[in-house]
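Close look at the chain arrangement
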Amino acid sequence: MTTRLTEPDARGSVRPAAARPARSYRSMGIGGALVAVLAASLVLAVTIGPAQIGVGAVWQSIAAHLGLGTSTLPLTEDAIVWNLRLPRALVAAFVGAALALCGVVMQAVTRNPLADPYLLGLSSGASVGAVSVIVLGWAVALPLAAFGGSLAALALTVVLAGAFGAAYTLSPSRIILAGIAVSAAFSALTSVVIFWSTTGDSFREILGWLLGSIAGATWASVAIVGVAFLVVGVPLMLGANVLDAFAFGDDDARALGVNVARARWTLLAATALLTGAAVAVSGAIGFVGLIVPHAVRMVTGHHNRALLPLSALVGAILLTWADTLARTAFDPRELPVGIVTALIGAPVFAVLLVRAKRLT
Amino acid sequence: MLVMARSSLVAVVCSLVGALIIGGCSTVPATTSAGDSSVDQSSAVAGATAASVTATSDSGAVTTGLPAATAYPLTIDNCGTKVTFTAPPKRVLAIKSTSIEMLLALGLKDRIIGVAFPDGPYSPKWAPSLELPLISDKVPGEEATLAMNPDLVYAGWESNVSADGAGDRASLAAAGVATFVSPAACQEAKYQPHPLTWDDIFSEITQMGEIFDVPAAAATLVAAQRAQLIAVKRDSRRLTALWYSSGSKTPYVGAGIGSPQLVLNAVGLTNIAADVPMTWSSLSWEAVIAADPDVIVLVDSSWGSTKKKIAQLEGNPATATLTAVRNHRYLVVPFPAGEAGVRSVEAVQTLAAQLGKLTMP
């Protein structure tokens with residue numbers, strides 16, 4: 001591990017890292033608190049819903065499924081707790097964590113504060129894959145198609161940005177522009193599929209993919225996004241040093257001993273995989289990947305060792321509550337959770353922009 | 001600038017989605033809740049005798065025997081748009097099954113120059129061997145519509161006659177093309193029937209009879225349908241039902257003020273979504289499971305087949321616990337009959353027949 005004397009800030013300048021140990025302890029404290037909040041959020045979220053089921057009965061049911069005691073709930077209410085609410089809360093947490101993590105990684109690798117899976121076209125690519133297999137009736141292949149679409153969008157974005165060839169320097173603004181182009185093209189493709197194929201009210205099925213929805217999450221969804229998070233997300237969280245190196249620019253990263261091209265491709269492919277898994281179970285949920293890293297950065301600063309896990313935790317908490325709101329605010333009707341994240345995300349982002357301007 | 005590009009992208013997707021939602025069908029909430037079934041049924045009975053012997057002309061004079069011929073020019077208020085007919089329409093473009101089948105039921109097949117956006121197979125009652133000129137599986141654009149030179153565009157949904165569909169109503173009127181939207185599908189609060197009643201269904205038939213100057217055919221059809229409706233035996237077992245139209249992640253169901261509610265009432269089933277003041281609405285699976293309906297009405301369509309819906313219900317461990325699913329208590333209604341129109345009575349008949357065969361413990 002390279003010992004560094006400085007750390008980068010948002011404007012790419014470098015300042016002494018004198019306050020680092022204190023900040024590190026502070027981040028650990030925040031992290032501990034967030035773990036507790038996430039656990040409490042999950043515990044609470046499963047007790048809230050359109051069906052009136054007592055809090056005690058909810059936890060008795062879950063305990064019974066875990067082999068502790070027996071549940072007194074009728075079959076249907078037990079199913080509401082164990083097969084609807086719990087998988088849904090877990091999927092929301094994993095997807096929120098995955099998207100926030102992807103946002104941090106992409107913002108670091110592209111050195112652009114606007115990068116996130118949504119903006120770079122990964123989410124739209126995954127949506128094209130998902131919507132296509134839904135229309136073709138091959139729903140079994142959905143996670144694979146979403147990942148394929150996500151990877152294809154990423155490859156197109158990077159190629160468009162002129163980044164193939166091992167040592168080519170990736171320009172932060174070019175990759176964003178390329179991402180916008182790819183995202184627009186893939187969104188258009190999804191729209192074409194919709195206009196082409198929908199009859200009667202079948203478009204409603206696809207609406208969820210466009211807006212992002214966690215309704216219909218099952219234990220299979222938990223497995224898809226949970227395994228992806230453990231296999232891809234957790235290693236990503238441990239790659240903070242490599243991400244920090246990118247902040248100095250490709251040349252400096254190389255000087256710090258990072259194989260820039262390989263690291264970039266590995267990191268971006270990992271985010272594509274994680275985004276694909278998230279979109280496969282929830283559609284294209286916007287703003288989480290963009291907003292959460294910025295919000296966390298305002299509290300913890302820019303070093304990725306704290307930013308990665310804290311963003312994942314905040315993303316998980318945010319989406320857990322956003323989805324709880326989505327399924328209960330208009331009970332017995334539901335909102336796609338993507339509407340909730342956009343409604344929360346847009347004003348938060350506006351505040352961030354204003355504050356950032358004041359600081360400059 | 002980058003943010004701008006992003007938000008405009010989002011706006012494009014959102015406007016697309018918005019157009020689809022509007023195109024979907026009634027999503028405008030109304031103020032009153034579900035209709036009282038007893039009122040619906042009694043008004044059907046009351047109207048039956050009147051319509052079978054007499055029909056009223058637009059001047060209000062009651063004639064016995066032969067209904068009066070229509071006096072042109074005829075001006076009507078359709079979903080808030082004034083439409084004037086100077087003669088019976090002869091070149092009609094019909095969009096969606098409800099309008100296509102209305103024309104067929106009134107024996108007006110020869111007035112149809114094109115059909116578009118059908119929701120499924122036509123009822124064999126009026127379509128024994130049918131060759132209708134299908135213009136498009138979807139809603140045709142305004143230019144394609146005008147190129148056919150129709151004198152009437154008869155649409156099942158308001159969105160069919162919008163700038164994103166066959167053309168804005170005012171724009172079509174300026175080109176000499178009259179438009180008519182099935183009044184049951186009117187979206188504006190003042191015009192949307194809430195709740196929809198059998199009189200609303202039958203008055204569209206009467207109004208088409210007036211527009212096309214075939215009042216006798218309309219009166220005969222209304223009388224026949226009222227009689228069929230009265231002949232249906234309402235189920236008295238106080239069973240509850242889910243009207244499952246489409247969707248898998250979040251089901252899209254028949255709610256409290258539209259055609260599904262009207263049909264369920266007539267059959268004697270209690271709609272679990274009767275409290276939602278919409279025609280159709282999304283409903284959370286949790287709410288469905290909490291209500292645990294006795295039977296599930298499956299709306300059969302090419303995009304949401306009965307087989308697919310049953311696989312969805314039985315495949316999801318949560319919905320698999322539903323009483324109706326465990327006991328395979330499914331009733332099936334074809335999608336075109338599920339929308340308000342000349343097949344609404346058919347929907348009641350088929351559901352009542354299927355329900356009669358269901359034995360409950």
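Residues numbered from 1 in each chain as written. Chains lettered and ligands numbered in written order. Predicted model: local features only at pLDDT ≥ 70, side-chain atom pairs only at ≥ 80, totals over all residues.

1. Remarks on the overall build of chain B
From N to C terminus, chain B includes 13 helices and 15 strands. Counting the 361 residues in chain B, one finds 50% classified as buried. Looking at chain B alone, contacts between residues at least 24 apart form 66% of all its contacts between residues at least 6 apart. (Helix = DSSP H or I, 4+ residues; strand = E, 2+ residues; numbered from the N terminus. Buried ≥ 20, exposed ≤ 12 C-beta atoms within 10 Å, placed from the backbone. Contact = placed C-beta atoms within 7 Å.)

2. Structural notes on the overall build of chain A
Along its length, chain A carries 14 helices and two strands. When burial is assessed residue by residue, chain A has 55% of its 360 residues classed as buried. Long-range contacts, defined as pairs at least 24 residues apart, comprise 76% of the intrachain contacts of chain A with a sequence gap of at least 6.

3. With respect to unusual backbone geometry
Cis peptide bonds are those with omega within 30 degrees of zero, and the linkage from Asp-331 of chain A to Pro-332 of chain A qualifies with 10°. By the secondary structure assignment, Pro-332 of chain A is in the loop between α13 (304-328) and α14 (337-359). The phi angle at Arg-111 of chain A is positive, at roughly 50°, despite the residue not being glycine. Assignment of secondary structure puts Arg-111 of chain A in the loop between α3 (75-110) and α4 (122-136). Arg-111 of chain A gets classed as partly exposed once you count the C-beta atoms within 10 Å, which come to 19. In this structure, Lys-96 of chain B is a non-glycine residue whose phi angle is positive, near 85°. In this fold, Lys-96 of chain B is placed in the loop between β5 (92-95) and α3 (97-105). Its 27 C-beta neighbours within 10 Å are what place Lys-96 of chain B among the buried residues.

4. Thoughts on helix α12 (residues 288-300) of chain A
Residues and elements named next belong to chain A. Here α12 is 13 residues long and its end C-alpha atoms lie 18 Å apart, about the 18 Å a rise of 1.5 Å per residue gives. Burial of α12 is extensive: eleven of the 13 residues sit out of reach of the surface. Those residues of α12 that fall on the buried side of the exposure criterion are Val-288, Gly-289, Leu-290, Ile-291, Val-292, Pro-293, His-294, Ala-295, Val-296, Arg-297 and Thr-300. Of the residues trailing α12, Gly-301 is marked for its positive phi of about 85°. (Expected span 1.5 Å × (residues − 1).)

5. Quick notes on the sheet that holds β5 of chain B
Residues and elements named next belong to chain B. Judged by pairing direction, the sheet is parallel, and its five strands sit side by side in the order β7-β6-β5-β8-β9 without closing on themselves. With one partner strand each, in any of the chains shown, β7 (134-136) and β9 (178-181) form the two edges of the open sheet. Across the sheet, the mean angle from the axis of one strand to that of its neighbour is 25°, orientation sign disregarded. Pairing geometry for β5 and strand β8 (residues 152-155), over four bridges, is parallel. From the neighbouring strand, Ile-95 faces β8, where its bridge partner is Ala-155. (Pairing = 2+ DSSP bridges. Axes fitted to C-alpha atoms, helices over the stretch in contact; angles between N-to-C directions.)

6. Looking at helix α8 (residues 219-237) of chain A
Residue and element names in this part refer to chain A. At Phe-229, α8 shows its maximal kink, close to 35°. When we look at burial in α8, the residues that qualify are Ser-221, Ile-224, Val-225, Ala-228, Phe-229, Val-232, Gly-233 and Leu-236. Residues of α8 that are buried sit in contact with α3, α5 (142-160), α11 (260-282) and α13. (Bend = angle between axes of the 7 residues up to and from the residue.)

7. Overview of the environment of Ala-227 of chain B
Residues and elements named next belong to chain B. Structurally, Ala-227 can be placed in helix α7 (residues 215-231). Residue Ala-227 is classed as partly exposed on the basis of its C-beta count, with 15 C-beta atoms lying within 10 Å. Note: C-alpha distance between Ala-227 and Pro-183 (44 residues apart in sequence) is 23 Å.

8. Some thoughts on the environment of Pro-260 of chain B
Residue and element names in this part refer to chain B. With respect to the helices, strands and loops of the structure, Pro-260 is situated in helix α8 (residues 259-267). Linking Pro-260 and Pro-133, residues 127 residues apart in sequence, is a C-alpha distance of 30 Å. Ignoring sequence-local partners within four residues, the contact set of Pro-260 consists of Trp-243, Gly-254, Asn-271, Trp-280 and Gly-338.

9. Details of the environment of Leu-151 of chain A
Residue and element names in this part refer to chain A. Along the chain, the position of Leu-151 falls in helix α5. Along the sequence, Leu-151 and Ser-123 sit 28 residues apart, while their C-alpha atoms lie 9.8 Å from each other. Apart from residues no more than four positions distant in its own chain, Leu-151 is found in contact with Ala-272 and Gly-276.

10. Section: the nonpolar core
Ranked by internal contacts, the top residues of the largest apolar core, which has 212 residues, are Val-95, Ala-98, Leu-101, Ala-130 and Val-225 of chain A together with Val-297 of chain B. In terms of residues, this core owes the most to one element, α3 of chain A, which gives 24 residues. Leave out the neighbours within four places in its chain, and Val-297 of chain B touches Ala-241, Leu-242, Trp-243, Tyr-244, Leu-331, Val-333 and Leu-351 of chain B. (Core = buried A, V, L, I, M, F, W, Y, C linked by C-beta atoms within 7 Å.)

11. A word on the pairing of strand β10 (residues 239-246) of chain B
Residues and elements named next belong to chain B. Taken across its eight residues, β10 has six buried, putting it largely inside the fold. The pairing of β10 with strand β12 (residues 269-271) spans three bridges and is parallel. Of the residues in β12, the one forming a bridge with Thr-240 is Thr-270. Of the pairings in the sheet, the one linking β10 to strand β11 (residues 252-254) comprises two bridges and is antiparallel in character.

12. Remarks on the packing of α3 of chain A against α13 of chain A
Contact geometry of α3 of chain A with α13 of chain A gives a least axis separation of 7 Å together with a crossing angle of 140°. When you trace α3 of chain A past α13 of chain A, the crossing you get is right-handed. (Left-handed = near helix turned anticlockwise from the far one by under 90°.)

13. Regarding the confidence of the model for chain B
Residues and elements named next belong to chain B. On average, residues of chain B score 84 in pLDDT, and 81% of them reach the 70 mark or higher. Here residues 1-63 is a poorly scored stretch, pLDDT under 50, and it has 109 contacts once near neighbours within four places are set aside; other chains count. The ipTM for the predicted assembly is 0.77, set against a pTM of 0.80. (pLDDT = per-residue confidence, 0-100.)

14. What to know about the pairing of β8 of chain B
Residue and element names in this part refer to chain B. Judged by which residues are buried, β8 turns out to be covered on both faces: Leu-152 and Tyr-154 on one side and Val-153 and Ala-155 on the other are all buried. Relative to β9, β8 runs parallel, the two sharing four bridges. By the bridge assignment for β9, Leu-152 is matched with Ala-178. Read from β8 through helix α5 (residues 169-174) to β9, the crossover connection turns out right-handed. (Right-handed = clockwise from strand over helix to strand, strands pointing away.)

15. What to know about the packing of α3 of chain A against α11 of chain A
Residues and elements named next belong to chain A. The interhelical angle for the contact between α3 and α11, taken along N-to-C directions, is 150°, at an axis separation of 9 Å. With respect to α11, the axis of α3 lies roughly antiparallel. Regarding α3 and α11, the two cross each other, and that crossing is left-handed. The segment α3 lies against α11, with Val-91, Val-95, Ala-98, Leu-99, Leu-101, Cys-102, Val-105, Met-106 and Val-109 engaging Arg-264, Leu-267, Leu-268, Thr-271, Leu-274, Thr-275, Ala-277, Ala-278, Val-281 and Ser-282. (Parallel < 35°, antiparallel > 145°, perpendicular 65-115°, else oblique.)

16. Digging into the confidence of the model for chain A
In the predicted model, chain A carries a mean pLDDT of 83, and the fraction of residues at 70 or more is 87%. For the stretch residues 1-19 of chain A, pLDDT sits under 50, and the model shows 19 contacts to residues farther than four places along the chain or on other chains.

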